[in-house]
Amino acid sequence: MNKPADIARADITRLSVGLGSRSYDIVIGPHLLEEIGARIASLRPGARVGIVTDAHVAERHLATVEASLKAAGLTSSAIVVAPGEGSKNFATFEHVIDELLGARIERRDLVLALGGGVIGDLSGFAAAALRRGVDFVQAPTSLLAQVDSSVGGKTGINSRHGKNLVGAFHQPILVLADTSVLDTLPLREFRSGYAEVAKYGLIDNAAFFAWLERKWKDVFAGGPARIEAIATSCAAKAAVVARDELETGDRALLNLGHTFGHALEAGAGFSQRLLHGEAVAIGMAQAFRFSAAQGLCSPDDAARVSVHLRAVGLPTRIADIPGELPDTDGLMRLIGQDKKVSRGALTFILARGIGQSFIARDVDPAAVRAFLDAERA
Ligand code: NAD
């Protein structure tokens, strides 16, 4: 077990992802980047650190991280890639690997992901592949990365065949979620991450969803409600990952909204037209509407999901996406390419109500097609 950094602070929350000898801490609180050097040094004294980040995050937060690493006696080099989903590709992956090798990051060294989910996925995969695997620390800087992508060890890149189709499970040794850095996150990106926060309520925690309905403005404003929302989300994710690290069972619940969502994201060309969390918001609203159409959940619950997502400013319908999208056949092809498909049968996360999601295998493709036709009408 990795020893937690010996830095006690009253304003931080520490959670643990229990994976035996590969267990790790998630540390959540303000101004953590300023002490990232000491926290990494206490886990891996003397390690060389290959920082992977994007240009937006580098401009705002890289100097703080470099200064902190230096103060803790750690040598670092930074690799700055272009912001956005487009960097989760083979060319950028090769570039990052080459730069890490050039920076002499060796087996006892580590890769530090400083950025949103794109940076975490890309650099985590690079850490998994570099010299057959080096240690990896996540310093997530977007809300989405803090509540979701930085925890659980899924790493990877996109292929022209679809999203996240090439990757590895590679757990970090530490996740450091500095909640102060969210102050520089654009509002649209914060909203996008909020979709994944709401997801934890919709999966199995109706009380958390009701709390979000009351408190979402405080979560957006910052302060204790924001930290509480992040910690509740991380605790939910950590528990699922500890139960089902490789997604052979109920980790699939975390894909609520993602089968429809990934198809829409691919249909919009993984572009600024539709951010990942926005696609998930539409996908969750659709999963509830589809569940209601199948008589599984009440239309009132489906409506409540959409009302809340719309209240925070998230899209809930295909018609909310600007520009052209594939037709129903095209969307069905994209759904068929999603990893949640096993030997032709469609697997969806559906719901019997808010906080009552379940894994539905063998969903009839004809019912999905009819639903999408109705949604597009
Ligand atoms: P992102 O990494 O592209 O970040 C969003 C934008 O915000 C970028 O422009 C980035 O530069 C900027 N940004 C990030 N932090 C900032 C800050 N503090 N201040 C100012 N700007 C900042 O996208 P994301 O929404 O963080 O993550 C989406 C990605 O995460 C997708 O590729 C998705 O597939 C992946 N994901 C992975 C998992 C997983 O388990 N591995 C889970 C969910 C999502």
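## What to know about the nonpolar core
- Counting residues in hydrophobic clusters, the biggest one holds 55 residues, and the most contacted among them are I26, I28, L143, Y194 and F288.
- Element by element, the count of residues in this core is highest for helix α8 (residues 224-243), at 9 residues.
- For this core, the two domains that each supply at least three residues are domain 1 (13-184) and domain 2 (187-376).
- Other than its neighbours up to four places away in sequence, I28 contacts D11, I12, T13, L15, A177, T179, I227, I230, A231 and C234.
- If you look at the next biggest cluster of nonpolar residues, it comprises 26 residues, including L32, I36, V57 and L174.

## What about the pairing of strand β2 (residues 24-29)?
- Within β2, 6 of the 6 residues are buried, which leaves it mostly tucked inside the rest of the structure.
- Side chains Y24, I26 and I28 project from β2 onto one buried face, and the interleaved D25, V27 and G29 project onto a second face that is buried too.
- Alignment of strand β1 (residues 13-17) against β2, held across 5 bridges, turns out to be antiparallel. Bridge pairing in β2 links L15 to I26.
- Two successive antiparallel strands, β1 and β2, enclose a turn made up of 6 residues, where G20 displays a positive phi of approximately 60°.
- Strand direction decides the pairing type here: β2 and strand β9 (residues 174-178), joined by 5 bridges, are parallel. Bridged to V27 within β9 is L176.

## A few points about unusual backbone geometry
- One non-glycine residue with positive phi stands out, namely H31, at about 55°.
- Its place among the elements puts H31 in the loop between β2 and α1 (36-43).
- Of note in this structure, R104 is not a glycine but carries a positive phi near 60°.
- Secondary-structure assignment places R104 in the loop between α3 (90-102) and β5 (110-115).
- Under the relative-accessibility criterion, R104 is labelled exposed at 52%.

## Comments concerning helix α4 (residues 117-129)
- For α4, spanning 13 residues, the distance from its first C-alpha to its last is 18 Å, which sits close to the expected 18 Å at 1.5 Å a residue.
- Counted residue by residue, α4 has 12 buried out of 13 residues, so it is predominantly covered.
- Remark: R131 follows α4 within two positions and exhibits a positive phi of approximately 50°.

The rules behind the values
Residues numbered from 1 in each chain as written. Predicted model: local features only at pLDDT ≥ 70, side-chain atom pairs only at ≥ 80, totals over all residues. Heavy atoms only, no water. Core = buried A, V, L, I, M, F, W, Y, C linked by side-chain atoms within 4.5 Å. Buried < 20%, exposed > 50% of the residue type's maximum accessible area, 1.4 Å probe, protein only. Helix = DSSP H or I, 4+ residues; strand = E, 2+ residues; numbered from the N terminus. Domains from an automatic or database assignment. Contact = heavy atoms within 4.5 Å. Pairing = 2+ DSSP bridges. Expected span 1.5 Å × (residues − 1).

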